[in-house]
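# What the coordinates show
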Amino acid sequence: MRKNIVAGNWKMNKTLQEGIALAKDLNEALKQKTVNCDVVICTPFIHLASVAAEIDQTKLGLGAENCADKKSGAYTGEVSAAMVASTGAKYVILGHSERRQYYGETSEILKEKVTLALENNLTPIFCIGEVLAEREAGKHFEVVNTQLKEALFGLSAEDFSKIVIAYEPVWAIGTGKTASSDQAQEIHAVIRQTITEKYGKEVAENTSILYGGSCKASNAQELFAKPDVDGGLIGGAALSVEDFMGIIVAF
Ligand code: PGA
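Just so it is clear, the structure is predicted and the values come from calculations on it, not from any experiment.

## Examining the packing of aromatic side chains
Inspection of the entire model under this criterion finds five aromatic pairs. Both rings, one in Phe 153 and one in Tyr 199, keep their centres 5.4 Å apart while their planes meet at 90 degrees; by these two values the pair is edge-to-face. With Phe 153 in the loop between helix 7 (140–152) and helix 8 (157–160) and Tyr 199 in helix 9 (residues 181–199), the pair connects residues that are 46 residues apart, well separated along the chain. In this pair, the class of Phe 153 matches that of Tyr 199, namely buried. When the centroid spacing of 4.5 Å and the interplanar angle of 10 degrees are considered together, the rings of Phe 224 and Phe 251 count as stacked.

Dropping the structure here:
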């Protein structure tokens, strides 16, 4: 059966010292508690090696927020999937709407990143989601299906099984405006159906589909109660142990 996952996305927040402190405190909090989901934090690149040394990754998984679309070489400022893996991190967020929007990441680029992540045994947390105008035009199903197909449906079933999907409506990210649990369930079911059509029922049933976008302790329980919502990708509320734990215990 698929896993329930609560993953934090720190984005461009926390200095190295602040990040280590947050990771250590979260690690401590998780030691004290039995939780019913996998917990992951995705941090800026510079935190990864130090955080890896401080946490128990059997209780708290670690990931990056991005990786390069090239293997290695003269790409100043980029960080490769192999480098991410060499820190001890096991996950990588790919295709986040902020990367698509501000850094021009297309499906073509994301395909390369997914391939390199998998080659380096990283689990991609692959983000899809529509902008407000697309939802208002009734195009949200079409948009997420296209994002899925373009970047991921070239994978073998075996490789696709290693992917975690995060549905994040762009209008809900950092806005305080959460999708309703019914809206989330509706589109998660469509995403799972699209995966079923391509890879079959078994693969689709085993794929974790997370919801992201202003998810917090006060709405997590209702969202996670939906049959096709298998957890959350959490931005703002992942920056404090109390807020993040409030979401984790929703399972
Ligand atoms: P948010 O961000 O929880 O702050 O809305 C979610 C995300 O962008 O992954």
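## Here's the deal with helix 11 (residues 217–224)
An α-helical segment advances 3.6 residues per turn. Residues three or four places apart therefore align on the same side. Among the residues making up helix 11, those that are buried are Asn 219, Ala 220, Leu 223 and Phe 224. End-on view of helix 11: buried residues confined to an arc of 130 degrees, all on one side of the axis. In helix 11, the exposed positions angled more than 90 degrees off the buried face are occupied by Ser 218, Gln 221 and Glu 222. At its buried positions, helix 11 is contacted by strand 1 (5–9), helix 9, strand 7 (209–212), strand 8 (231–234) and helix 12 (241–248).

## Some thoughts on the site of the ligand
Inspection of the region around the ligand gives 13 residues, with Lys 11, His 96, Glu 168, Gly 174 and Ser 214 positioned closest. A distance of 2.7 Å separates an oxygen atom of the ligand from a polar backbone atom of Ser 214. Separating an oxygen atom of the ligand from a backbone N or O atom of Gly 236 is a distance of 2.9 Å. Compared with its free state, where it exposes 280 Å², the ligand has 95% of that area covered by protein. Of the residues assigned to the shell around the ligand, the class counts are four nonpolar, seven polar and two charged.

## What to know about the environment of Cys 127
Structurally, the position occupied by Cys 127 is in strand 5 (residues 123–128). Separated by 38 residues in sequence, Cys 127 and Ile 165 have C-alpha atoms that sit 6.0 Å apart. If near-sequence neighbours (up to four positions away) are discounted, Cys 127 is found in contact with Ile 93, Leu 94, Gly 95, His 96, Arg 100, Ala 166, Glu 168 and Leu 233.

The rules behind the values
- Residues numbered from 1 in each chain as written.
- Predicted model: local features only at pLDDT ≥ 70, side-chain atom pairs only at ≥ 80, totals over all residues.
- Heavy atoms only, no water.
- Phe/Tyr/Trp six-rings, centres within 6.5 Å; stacked < 30°, edge-to-face > 60°.
- Helix = DSSP H or I, 4+ residues; strand = E, 2+ residues; numbered from the N terminus.
- Buried < 20%, exposed > 50% of the residue type's maximum accessible area, 1.4 Å probe, protein only.
- Arc of directions from axis to C-beta.
- Contact = heavy atoms within 4.5 Å.
- Near = heavy atom within 4 Å.
- Polar contact = N/O pair within 3.5 Å; in protein donor to acceptor, adjacent residues only side chain to side chain.
- Areas by Shrake-Rupley, 256 points an atom, 1.4 Å probe, with all protein chains shown as cover.
- Nonpolar A, V, L, I, M, F, W, Y, C, P; charged D, E, K, R; others polar.

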